[in-house]
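Letter by letter, the chains look like this.
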Amino acid sequence: MSTATLTPPASPTAPVLPPLGTRCVLTIADLPRFPRLLPSGEVRWELHDGVPVPMSPPGYVHGKAALKIAAQLLSQGEQRGYGEAGDEIAVVLRRNPDRVVGVDALFVAKASLPAQLSPEGYLLTIPAIVLEVRSKNDTQPEIEAKVQEYLAASVVVVWVADPELRTVTAYRANQPATVFAASDTLTADGVIPGFAVPVADLLPAT
């Protein structure tokens, strides 16, 4: 979820982008045309109310944490018939102007299936669970702002996993945040019945 700071060069196959941070009218239809490889390396893109934001790819620890949690959503959620799990998926939180975020992992409840997709393949259905794995350069205000965006879009629970602290913080609308430490068992009450996994298994000591 770390934010890159590079401005991509124009190319014949990519849209001419305004300076980063400026207001524009780009939509989700523009995202597939954005360059995925810059001289500095791979880059992914989000839209913040029409403004393009380049995102650096996740590191090893970040990716492993996301994979472990996504695997539990798959085995305890999807394979038991409670919905569908996924990882590294672009989700459209709102339209006009468009807000598109790259989610580390998610779970769409059975009641919301079949999942609705945009013509570009991005998820329009709001997930019940969203996972964000915290990167070292993510500030607490940035984390909290993104959590509030998810909750405002009707996500039921947002998990913020911190591999360094070995915690998973669960956020729900109009409730205090719940911090699951390494010695605790992570649950998904109200979304996936019986879901339970030790946080220590998801975020092992390094």
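Calculation criteria
- Residues numbered from 1 in each chain as written.
- Predicted model: local features only at pLDDT ≥ 70, side-chain atom pairs only at ≥ 80, totals over all residues.
- Heavy atoms only, no water.
- Helix = DSSP H or I, 4+ residues; strand = E, 2+ residues; numbered from the N terminus.
- Buried < 20%, exposed > 50% of the residue type's maximum accessible area, 1.4 Å probe, protein only.
- Contact = heavy atoms within 4.5 Å.
- Areas by Shrake-Rupley, 256 points an atom, 1.4 Å probe, with all protein chains shown as cover.
- Expected span 1.5 Å × (residues − 1).
- Salt bridge = Lys/Arg side-chain N within 4 Å of Asp/Glu carboxyl O.

*Asks:* Quick one: what's the story with the overall build of the protein chain, residue by residue and with numbers?
*Replies:* Looking only at helices and strands, the protein chain has 3 helices and 12 strands in total. Burial analysis of the protein chain (206 residues in total) assigns 45% to the buried set. Nonlocal contacts in the protein chain, meaning residues at least 24 apart in sequence, comprise 56% of its contacts between residues at least 6 apart. Surface accessibility of the protein chain: about 10300 Å² in total, with carbon and sulfur atoms responsible for 55%.

*Asks:* Outline helix 2 (residues 140–152), supporting the account with residue identities and numerical values.
*Replies:* Spanning 13 residues, helix 2 covers 18 Å between terminal C-alpha atoms, matching the ideal 18 Å at 1.5 Å per step. Those residues of helix 2 not exposed but buried are Ile143, Lys146, Val147, Glu149, Tyr150 and Leu151. Buried positions along helix 2 lie against strand 3 (44–48), strand 5 (83–94), strand 6 (99–109), strand 7 (129–133), strand 8 (157–162) and strand 9 (167–171). Directly after helix 2, the chain includes serine 154, whose backbone phi takes a positive value near 85°.

*Asks:* Describe the pattern of salt bridges, naming the residues involved and giving the relevant values.
*Replies:* Throughout the structure, instances matching the rule amount to 9 salt bridges. In this structure, lysine 146 and glutamate 46 form a salt bridge, with 3.3 Å as the shortest nitrogen-oxygen distance. Placement of lysine 146 in helix 2 and of glutamate 46 in strand 3 is noted, with a sequence separation of 100 residues between them. Residue lysine 146 is classed as buried on the basis of its relative accessible area of 9%. Glutamate 149 serves as the salt-bridge partner of arginine 94, at 2.8 Å between the closest nitrogen and oxygen. Linking arginine 94 in strand 5 with glutamate 149 in helix 2, this pair joins segments that are 55 residues apart in sequence. Residue classification places arginine 94 among the partly exposed residues on the basis of a relative accessible area of 31%.

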